[in-house]
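A closer look at the structure
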There are 2 protein chains.
Amino acid sequence: MIRAPSDLLDSTVPLADHDLTRLTACAAARLLQRRELSAQDLLTACLERIQRREPEVLAWRQYDAERAMAHARQLDNGPLRGPLHGLPLGVKDLFDTRDFPSGYGSPIYQRHQPVNDAAAVALCREAGAVVVGKTVTTEFATFTPGPTRNPHNRAHTPGGSSSGSAAAVAAHMVPLALGTQTAASVIRPAAYCGIVGFKPSFGLIPRAGIKSLSESLDTVGGFGRSVEDVALLTSVLANAPQWRQLPQDAKPRVGVCRTPSWDSASPAAQQAFEATVQRLIKAGVRVVDVTLTDAVCALTEVHNEVMCAEAFKALSDERLNHPDQLSERLKTMLERGSRVTFEDSLRHRAQVASARHQLGRGFVDYDLLLTPSACGEAEQGLERTGDPLFSRIWSLLGLPSLNLPVGFGPQGLPLGVQLIGPVMSDTATLAFCAWIERSLDA
Amino acid sequence: MIRAPSDLLDSTVPLADHDLTRLTACAAARLLQRRELSAQDLLTACLERIQRREPEVLAWRQYDAERAMAHARQLDNGPLRGPLHGLPLGVKDLFDTRDFPSGYGSPIYQRHQPVNDAAAVALCREAGAVVVGKTVTTEFATFTPGPTRNPHNRAHTPGGSSSGSAAAVAAHMVPLALGTQTAASVIRPAAYCGIVGFKPSFGLIPRAGIKSLSESLDTVGGFGRSVEDVALLTSVLANAPQWRQLPQDAKPRVGVCRTPSWDSASPAAQQAFEATVQRLIKAGVRVVDVTLTDAVCALTEVHNEVMCAEAFKALSDERLNHPDQLSERLKTMLERGSRVTFEDSLRHRAQVASARHQLGRGFVDYDLLLTPSACGEAEQGLERTGDPLFSRIWSLLGLPSLNLPVGFGPQGLPLGVQLIGPVMSDTATLAFCAWIERSLDA
């Protein structure tokens, strides 16, 4: 696992001799808050790391070392700003930024400069984060990839759509990054890159200033190298300070859910999943096998329909005024969306409501659902970003979900499991996930 | 009532001798579709009307007669584009437009030129609408007014936040206009200006490219001079062609709901409401008195909290980077929003869910709820846009709601009633509203 090795610095070694890019965001934050680490020193380490790794990872659409350093200097010379004080941050290029162009992964917006920050970006800056730059997104957060490569093996995709954010955090270029998920765009790249990715409940985090793809699905999420880290980042966005003080003793009951897509998981992904279940049992976790009802299983397909239909509407300006600058893959998606009728949409909503009701009953018997995060290790090649199969249902239901790295597959690439909580139970979900992370680390 | 007098043209009189601005959108659309009326002739009439009325109404932030005429000419010389072919349209200045600056009612964005159309605008253009210009909005669709005056009496407010859109339609400058509602920003200005305003169910119409104020509330709506007209406009946005062929025989059962705010309604508003009830009874409508449960009544206050809390987040860039350019009223709202905690937000959601459940049971006994649209006639003065009191609950519940003009008060200004349907029952709601409109006209 490429988690930061430990939150505990060897206090006999001077801080300057540590590789600061190995610190978790929370460990760095604690030092920054005590002024034992300067924002400039941490940023310098990150920028050096970017210089070394970026040529082969291509995580960034644009970054600005000088501007970031000026901000870090300002933070070092001023009062503490908030919980993210001095933490370098990557921002998916789907978010508007007042000081960087925002390309949304599309040639249409190649030279587009927004006049303001997306709400999530502004909130992070308000809390003291140093925006290093914009990370690569797929085309409008759909399936046509950008140039980013998997930091573990440049011949493989990092996943998408938050490709650059996941790769930048995994490559230790920044401790934290913002992403979004409409299908699996936080969970899958986090799994492929071997880091923690957290998609909060739908509706908790403001989306103002994010290029809209699918209005009932788009959700802001965060990447970090520990559960505590993603909780820190998203706490600022959700105005949930309690996520920064998660209880230590939240031992969850786990619903083991192989999902109807189980056969699409590689043998390695299946093995890693089963090994995780065994380790949880060994750690004293009560597990129950969960079989999803037909109504819940049907949501995989419903999700795709909803996403296509809403994208068809949301991208109306682009499909009408720039049809030649849309990828064939996106055009196919929009074409599919154009065929979804009003009645279809009403039926989709009813299906979601019914499935939500059925699944809600399940969460009486367990606190978290455990599923694979993706079909397996990151696919070879950069033409595709992988299949969102294992997250579509949970994205459609708006449930908080998190990728936890659980080891490596036969190709030497990371594997992850997905932990899913009940809607709006993000505080408990994060605490349960942190407990599981600790128990798997032990 | 300033509804267009009739859909039926006197066929013995040449079309050119009619005042084309008196046509309902649907009447004009039928002529346009048959090429019996040209887009250019209709637009010419509208532009003449704008020239005459605009100096005292101030409905427009900007309009462009030449560009609109060029578009109308293109439509006349080309194939039929869609159901809005050739219809002049006003667009609230909260929507991004590729060919007009978008100021969002704030000095911060005075010179802001978006690069694309909001999805709703693009969809209207795709359907053949001619965008005449941008109509005045209050500051970020909140409570600080723009310059627009009530077309019935320029000493009175037109209501807000969709002030210009409502005034432009009421003054017969355009047959249709787009607005948005977060609290009462479609219903109230429609009531104050004496036209039909329709806010569809939350989530039916894409919001991409609209300045976000409150994410769980902001809803695109439409203004017209008949139920059929707003159904035509919004059908294009919701991809609901059936709204253009509403059944004629949908006689509703009506729940008469004086709401907990009844005492805030003026005697004239109360009388107009009671008279409407009597006319419905006379028309054979089965009415039942509805008393809202405490949980539903509590939503008036919950709505305000949700709106302030979400606005605080959504306007993060503005409050951090342009605090001096926010009105005191908006600052007070944001300050209030800053105090809403994460736990408060979760409690609000639970309250909404519970109220939705309770109210849902009521819709078994009636098809529509009938309430006052506003506290009374439009207030005198332009410093305030009136109280959103009578729409907060329904906005928070995401229910389709419509203002129907029912006459004039003692000051000679319009009064309206609000008709509310069950969530996602917009098709039936529109049909029931059209039935009531016909029965009140009779």
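Please read these numbers as outputs of a predicted model, since none were measured by experiment. (Residues numbered from 1 in each chain as written. Chains lettered and ligands numbered in written order. Predicted model: local features only at pLDDT ≥ 70, side-chain atom pairs only at ≥ 80, totals over all residues. Heavy atoms only, no water.)

With respect to the overall build of chain A
To be explicit about the condition: Each helix is a run of DSSP H or I of at least 4 residues and each strand a run of E of at least 2, with the numbering of both proceeding from the N terminus. Here the radius of gyration uses the C-alpha set of atoms, whereas the globule reference equals 2.2 Å times the residue count to the power 0.38. Only protein chains enter the accessibility calculation, which uses a 1.4 Å probe; a residue is then buried when its area is under 20% of its type maximum, exposed when over 50%, and partly exposed in between. Residue contacts are defined here by distance: any two heavy atoms, one from each residue, within 4.5 Å place the two residues in contact. Charged residues are defined narrowly, with Lys and Arg counted positive, Asp and Glu counted negative, and His plus the chain ends left uncounted. Where a charge lies is defined by one atom per residue type: Lys uses NZ, Arg uses CZ, Asp uses CG and Glu uses CD.
When helices and strands are tallied, chain A shows 15 helices and 11 strands. Relative to a compact globule of 442 residues, whose C-alpha radius of gyration would be 22 Å, chain A shows 20 Å and is just as compact. Seen through its C-alpha atoms, chain A measures out along the principal axes to roughly 60 × 60 × 40 Å. Burial analysis of chain A (442 residues in total) assigns 65% to the buried set. Contacts spanning at least 24 positions in sequence make up 77% of the contacts within chain A whose residues lie at least 6 apart. Positive and negative charge centroids in chain A, built from 44 and 46 side chains respectively, lie 1 Å apart.

What to know about the sheet that holds strand β5 (residues 196–199) of chain A
Residues and elements named next belong to chain A. The cut-off we apply is this: Think of it this way: DSSP has to see at least two bridges between two strands before they count as a pair. Only the stretch in contact is used when fitting a helix axis, every axis being a line fitted to C-alpha atoms; angles between N-to-C directions are given from 0 to 180 degrees.
An order of β1-β3-β2-β4-β6-β5-β10-β11-β9-β7-β8 is seen for the 11 strands of this open sheet, with the pairing classed as mixed. Either end of the sheet is taken by a strand with one partner, and the two such strands are β1 (60–63) and β8 (287–289). When strand polarity is set aside, the average angle formed by the axes of neighbouring strands in this sheet is 30 degrees. In terms of strand pairing, strand β2 (residues 88–92) meets strand β3 (residues 130–135) through 5 bridges, oriented parallel. Bridging from a neighbouring strand, V91 pairs with K134 of β3.

Examining the UniProt feature "domain: Amidase" (unreviewed entry) in chain A
This is how the line gets drawn: UniProt positions are given in the numbering used here, feature names are shortened, and annotations may be inferred rather than shown by experiment.
Sequence positions flagged by UniProt for "domain: Amidase" (unreviewed entry) are, in local numbering, residues 41–430 of chain A. Spanning residues 41–430 of chain A, this segment combines 38% helix with 15% strand, and its end C-alpha atoms are found 30 Å apart.

Digging into the relation of the copies chain A and chain B
Basically, it comes down to this: Fitting of the copies onto one another was done by least squares over C-alpha atoms, counting residues only where both copies have pLDDT of at least 70.
Superposing chain A onto chain B requires a rotation of 180 degrees together with a translation of 0.0 Å along the rotation axis, leaving an RMSD of 0.0 Å. These values place the two chain copies in the arrangement generated by a two-fold rotation axis. Looking at chain A, 100% of its interface residues are interface residues in chain B too, so the copies touch through the same face.

Brief notes about helix α13 (residues 342–362) of chain A
For an α-helix the count is 3.6 residues per turn, leaving residues at separations of three or four pointing the same way. Test applied: Multiplying 1.5 Å by the helix residue count minus one yields the expected span of that helix. By definition, the arc is the one covered by directions from the helix axis to the C-beta atoms.
Between its first and last C-alpha atoms α13(A) spans 31 Å; for 21 residues at 1.5 Å apiece the expected length is 30 Å, and the two agree. What α13(A) keeps buried is the set F342(A), D344(A), H348(A), V352(A), A355(A), L359(A) and G362(A). Taken down its axis, α13(A) places every buried residue within 145 degrees of arc, on the same side. Residues H357(A) and R361(A) are exposed on α13(A) and point more than 90 degrees away from its buried face. On its buried face, α13(A) is in contact with α9 (294–297), α10 (299–314), β9 (368–372) and α14 (392–397) of chain A together with α7 (227–238) and α15 (426–441) of chain B.

Thoughts on the packing of α10(A) against helix α12 (residues 328–338) of chain A
Residues and elements named next belong to chain A. Convention followed: Roughly parallel here means an angle under 35 degrees, roughly antiparallel means over 145, roughly perpendicular means 65 to 115, and every remaining angle is called oblique. Residue classes follow a fixed rule: Ala, Val, Leu, Ile, Met, Phe, Trp, Tyr, Cys and Pro count as nonpolar, while Asp, Glu, Lys and Arg count as charged, and any other residue, Gly among them, counts as polar.
Contact geometry of α10 with α12 gives a least axis separation of 7 Å together with a crossing angle of 95 degrees. The orientation of α10 relative to α12 falls into the category roughly perpendicular. Taken together, the residues of α12 that come into contact with α10 (itself represented by E301, N304, E305, M307, C308, A309, A311 and F312) are M333, L334, R336, G337 and S338. The residue inventory of the contact of α10 with α12, partitioned by class, reads 7 nonpolar, 3 polar and 3 charged.

Re the pattern of salt bridges
All names here are of chain A. Cut-off, in case you're wondering: Here, a salt bridge means any Lys or Arg side-chain nitrogen found within 4 Å of an Asp or Glu carboxyl oxygen.
Evaluated as defined, the whole model comprises 46 salt bridges over all chains. D367 is the partner of R253 in a salt bridge, and the nearest nitrogen-oxygen pair spans 3.0 Å. Of this pair, R253 sits in the loop between α7 (227–238) and β7 (254–256) while D367 is found in the loop between α13 and β9, placing the two residues 114 residues apart along the sequence. Among the ionic contacts, a cluster of salt bridges with common partners joins D64, R67, D99, D117 and R125.

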